[in-house]
Amino acid sequence: MTREDIIKPENLVYRRTPVLTDNVMHYCPGCGHGVVHRIIAEVIEEMGIQDNVVGISPVGCSVLAYNYFDVDFVEAAHGRAPACASAIKRLRPDTYVFSYQGDGDLASIGCAEVMHACNRGENITMIFINNGIYGMTGGQMAPTTLEGMETVTCPYGRDPELMGHTMRLTEVLAQLPGTYYVTRQAVYTPVLARKCKKAIRQAFENQKLHKGVSFVEITSNCNSGWKMTPVQANKWMEENTLKYFPLGDMKVDGKFAPNFMERVSTFDQPNETRFSLRSK
Amino acid sequence: MAKELKLMKGNQAIAEAAIRCGCDGYFGYPITPQSEVLEHLMAERPYLKTGMVVLQAESELASINMVYAGASTGKRVMTSSSSPGFSLMQEGLSYIAGAELPALCVNVVRGGPGLGTIQPSQSDYFQTTKGGGHGDYRLITLAPSSVQEMYDFVELGFDLAFKYRNPVAILSDGVIGQVMEKVMIDDYKPRWTNEYIEEHCPWAATGHRAGKKSTIVTSLELDSLKQEGVNKRIQEKYRKCEEEDARYEAIQCDDAEFIFVAYGSAARICMKAVELARAEGIKVGLVRPITLWPFPKKAVAEIGGRMKKILCVEMSAGQMIEDVKLAVECKVPVTHYGRFGGVIPTPVEIFDALKNMIK
């Protein structure tokens, strides 16, 4: 195939979506943020809503998300993205509104805002990147840090007696009547990334239905914070994180997914799994 | 325009004015003594009348961040609270000022510090006029002294907020919030259309780009030189605001030898003290700052400069007195009289304080 053939539109096999800007991303190589950004941008392009969407960026690694999306963006205070998204959707109901938060932002400082936005059934899409650590500030413990996992603020491993338990907030949110679609996805393999895209597409499509919150958790890695190579981090995540945070739908079309309540009913059992990063 | 006379509480006047001046959204959380704002809005159901959004948020943190986001999209949005709740909003107000957004925030002050009391006070003057939140910013502050001004300052507050793209506070107190007075209310004004906002608020992240570049609303700037530039621009706005929008009222100052300087409900009480004093032949007047920031420095300097002595009356341990002393550059003796912790001074005790100062 000659160069002339290759550049013909009918031979196009891949292009970057114009919903992403030309700015160079600041994310660490191997981090899931870049993949999720691209998926969201592709969904916005495919739905043809680029001219009718407002994104809310958090405080944390993705604080600068607004530099990478070519859509209107509002940068929220730490943890308040769901409150911001609620207000914008109510004031501009014909606009697609999505919030984008990490686990420190959403599950720790912003716990009240996410609970109440979900409980009110705001007609918005929430994207939650859970990598079990504070990345931007240098690898501190998050509510989602696994028991036994070492971070700079639990250097001897998370001890639940001293530091509390690993929080599965998404399972809690799924039980609120205001959530319509709740799912946990990952993006560390091509197959999972494609499934995740389907979920995010669904979460945006749902805004047309006015039925409540569509919430997509993406379990991700933080190779810098975990002090691993990207490949090691993904392997560790698969072997450890996903045991405590299993992938899959929790609520679809306002109904619990099969086995969801059964799984939640085991949450009173002692957590036998202890993890250690250092030993890996 | 059809006007109508109504008897209402100060807090209700805030709510009614919001509906009638074309406010797009109110986000609030209950706290005494200002809960009637949210109660009146919920009872009036403005979403059926003008399309105004009303939401009881989960906390003051959520309320102020809803206001931040609403303002980001060019909508005219507001919240209200009382002292402890207003403290919780300070971070959000700093973000609103930093992102250069217009918003209105009402503080119906109660006595502090801490949980304090639910009775009226003016002890949040420093917090409101000197910062409150972090960073170099100012809150344009209106101080109503009647229920009519509670009503009027809502629209004025939005006008100033959009003129300067800066948060505006109405600094009221439990007296003005709770007292019932006659109020002249306006007919309903239409809210701004989305097309109007597109045209007049190019800074707003409306989500409707229609071919234009995407808009980002943020107060974050990692480059310190650029951040200094943002600060310089904001400071220029503040200088302009000091020049153009410092407001005050001078009562019986022309022949006066002494003046009270007081704002809000303390100014109302001082008006009676002026009557008592003049009945006994003491030539006293009143300067009532209407904007606390920008403080009417020139007026206080000019009028105060002619006086023998100045008595600053506040329902606090002495906060505005610092601005009065700065305005007259301490060339005229300035004395303070204050009751605080929720205690309201009587006209007689203010008159006694005046006599003590004079002798």
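Heads up: the structure comes first, above all this text.
Note that the structure is predicted; figures quoted are calculated from it, not measured. (Residues numbered from 1 in each chain as written. Chains lettered and ligands numbered in written order. Predicted model: local features only at pLDDT ≥ 70, side-chain atom pairs only at ≥ 80, totals over all residues. Heavy atoms only, no water.)

Some thoughts on the overall build of chain A
Point 1. Across its full length, chain A holds 11 helices and 10 strands.
Point 2. Across its three principal directions, the C-alpha atoms of chain A cover 60 × 45 × 35 Å.
Point 3. Expressed as a percentage of the 280 residues in chain A, the buried residues total 56%.
Point 4. Counting only carbon and sulfur atoms, one obtains 56% of the accessible surface of chain A, whose full area is about 11,800 Å².
Point 5. Seen as two clouds, the 29 positive and the 30 negative side-chain charges of chain A have centres 2 Å apart. (Helix = DSSP H or I, 4+ residues; strand = E, 2+ residues; numbered from the N terminus. Buried < 20%, exposed > 50% of the residue type's maximum accessible area, 1.4 Å probe, protein only. Areas by Shrake-Rupley, 256 points an atom, 1.4 Å probe, with all protein chains shown as cover. Lys, Arg positive; Asp, Glu negative; His and termini not counted. Charge placed at Lys NZ, Arg CZ, Asp CG, Glu CD.)

What about the environment of Thr266(A)?
Point 1. Note that Thr266(A) resides in the segment after α11 (260-264).
Point 2. For Thr266(A), the side chain forms a polar contact with the main-chain oxygen of Arg263(A), separated by 2.6 Å. (Polar contact = N/O pair within 3.5 Å; in protein donor to acceptor, adjacent residues only side chain to side chain.)

As for the pattern of salt bridges
Point 1. If you walk through the whole model with that rule in mind, you get 46 salt bridges over all chains.
Point 2. Across the pair Arg209(B) and Asp51(A) runs a salt bridge, and its minimum N-O distance is 2.9 Å. Note that Arg209(B) is positioned in the loop between α10 (194-200) and β9 (216-217) and Asp51(A) in the loop between α2 (33-47) and β1 (53-57), a pairing that runs across two chains.
Point 3. Among the residues examined, Arg209(B) registers a relative accessible area of 10% and is labelled buried.
Point 4. When its relative accessible area of 35% is taken as the criterion, Asp51(A) is described as partly exposed.
Point 5. Of the charged contacts, one joins Arg288(B) and Glu149(B) as a salt bridge, the two residues approaching to 2.7 Å between their closest N and O atoms. Here Arg288(B), found in strand β12 (residues 284-289), pairs with Glu149(B), found in helix α8 (residues 147-164); they are 139 residues apart in sequence, far enough to count as distant. Residues Arg288(B) and Glu149(B) agree in their burial class; the two are buried.
Point 6. Because the salt bridges share partners, they merge into one network encompassing Arg38(A), Glu42(A), Glu46(A), Lys197(A), Arg201(A), Glu205(A) and Lys208(A). (Salt bridge = Lys/Arg side-chain N within 4 Å of Asp/Glu carboxyl O.)

Considerations on the side chain of Thr179(A)
All names here are of chain A.
Point 1. Counting through the fold element by element, Thr179 comes out in strand β7 (residues 179-186).
Point 2. Separated by 2.9 Å, the side chain of Thr179 and the backbone oxygen of Leu176 make a polar contact.
Point 3. Residues in contact with Thr179, not counting those within four places in the same chain, are Cys118, Leu173, Ala174, Val213, Lys251 and Gly254. (Contact = heavy atoms within 4.5 Å.)

A look at the side chain of Glu122(A)
Point 1. Positionally, Glu122(A) belongs in the loop between α5 (111-120) and β4 (125-130).
Point 2. Excluding its chain neighbours within four sequence positions, the residues that come into contact with Glu122(A) are Ser86(A), Arg90(A), Ala117(A), Gly212(A), Val213(A) and Leu55(B).

Topic: the interface of chain B and chain A
Point 1. At the interface, 37 residues of chain B touch 35 residues of chain A.
Point 2. Summing the contributions of chain B and of chain A, the shared interface buries around 2,900 Å²; its carbon and sulfur component is 56%.
Point 3. Here chain B is connected to chain A by 3 salt bridges.
Point 4. Summed over the shared surface of chain B and chain A, the result is 18 residue pairs in polar contact (both at pLDDT 80 or more).
Point 5. Put simply, the parts of the chain that give the side of chain B that touches chain A at least two residues each are β2 (25-28), β3 (53-56), α4 (60-72), α6 (90-98), α10 and β9 of chain B.
Point 6. For the side of chain B that touches chain A, the leading source of residues is α4(B), giving 8 residues.
Point 7. Tallied by class, the residues present in the side of chain B that touches chain A amount to 18 nonpolar, 14 polar and 5 charged.
Point 8. Here 2 bridges tie strand β2 (residues 72-75) of chain A to β9(B), and the two strands are oriented parallel to one another. Bridge pairing in β9(B) places Phe73(A) opposite Ile216(B). (Buried area = accessible area lost by both parts, 1.4 Å probe. Nonpolar A, V, L, I, M, F, W, Y, C, P; charged D, E, K, R; others polar. Pairing = 2+ DSSP bridges.)

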